[in-house]
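# Structure at a glance
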Amino acid sequence: MSTDGRDISPSEDRERPRRSLLVLLPVLVFAVLAVAFFLRLRSGADPQALPSALIGKPVPAFALGPVPGLEAGGKPVPGLSSADLKGQVTVLNVFASWCAPCQVEHPMLMRLGQEPGIRLVGIDYKDPGEAGRRWLDRHGLPFSAVGSDATGRAGIDLGVYGVPETFIVGPDGVIRDKLVGILTPENYASVLERIRAAGRGAPVTN
């Protein structure tokens, strides 16, 4: 019998635990994912752990227009093409406004963009309209150029399967390294050294 005096059938009695589990399941799933992400950040896991088939090959050809409305110093920030990735070592970061890890990583990109001798550019991946512009306006602009890859075509050609991803491109336009995961205070120095090594023409090893 229920607390209000109503008789409870055996089927209703069996349904109660099931309904409770359904209510708790989304909370439990979120908690597990949050703990896993936190542990990954705390571990300082090497973002270079996953190799890329494109390392040692030229950057796939692409030509991306600018992010709509994005400006720096009152001037439009230019778009990006594969031809722009020649002449000096370039760090190419693929990000998106809807990407939570990108927000965690962004302060480190702001720091990287201030490093002498490093050219940092970005690809805004699958962002609609001015979402990318609003996100960069809010969090800061570390890039000297940003291409809008609204369809994701350039990302597919680059082998991007989860943002953020970062490529180190040599002065010859050849991909020297691919960093999978986020830049953190713990791995920043090692990533910076890999970028410097690409500038010296030193072989990049995992």
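I will try to describe carefully the structure that is included in this document.

Cut-offs applied
Residues numbered from 1 in each chain as written. Predicted model: local features only at pLDDT ≥ 70, side-chain atom pairs only at ≥ 80, totals over all residues. Heavy atoms only, no water. Salt bridge = Lys/Arg side-chain N within 4 Å of Asp/Glu carboxyl O. Helix = DSSP H or I, 4+ residues; strand = E, 2+ residues; numbered from the N terminus. Disulfide = S-S within 2.5 Å. Buried < 20%, exposed > 50% of the residue type's maximum accessible area, 1.4 Å probe, protein only.

## Observations concerning the pattern of salt bridges
What the rule picks out here adds up to 6 salt bridges. Residues Arg153 and Asp157 are paired through a salt bridge, measuring 2.8 Å at the closest nitrogen-oxygen approach. Of this pair, Arg153 and Asp157 both sit in helix H4 (residues 153-157), 4 residues apart, which is roughly one turn of that helix. Connected through salt bridges with shared partners, the residues Glu130, Arg133 and Asp137 form a single ionic network.

## Here we look at the state of the cysteines
Using the criterion set out here, one finds 1 disulfide in the structure. Between the sulfur atoms of Cys99 and its disulfide mate Cys102 the distance is 2.4 Å. Its S-S torsion of about 90 degrees marks the bond between Cys99 and Cys102 as right-handed, since a negative value means left-handed. Neither residue differs from the other here; Cys99 and Cys102 are each classed as buried.

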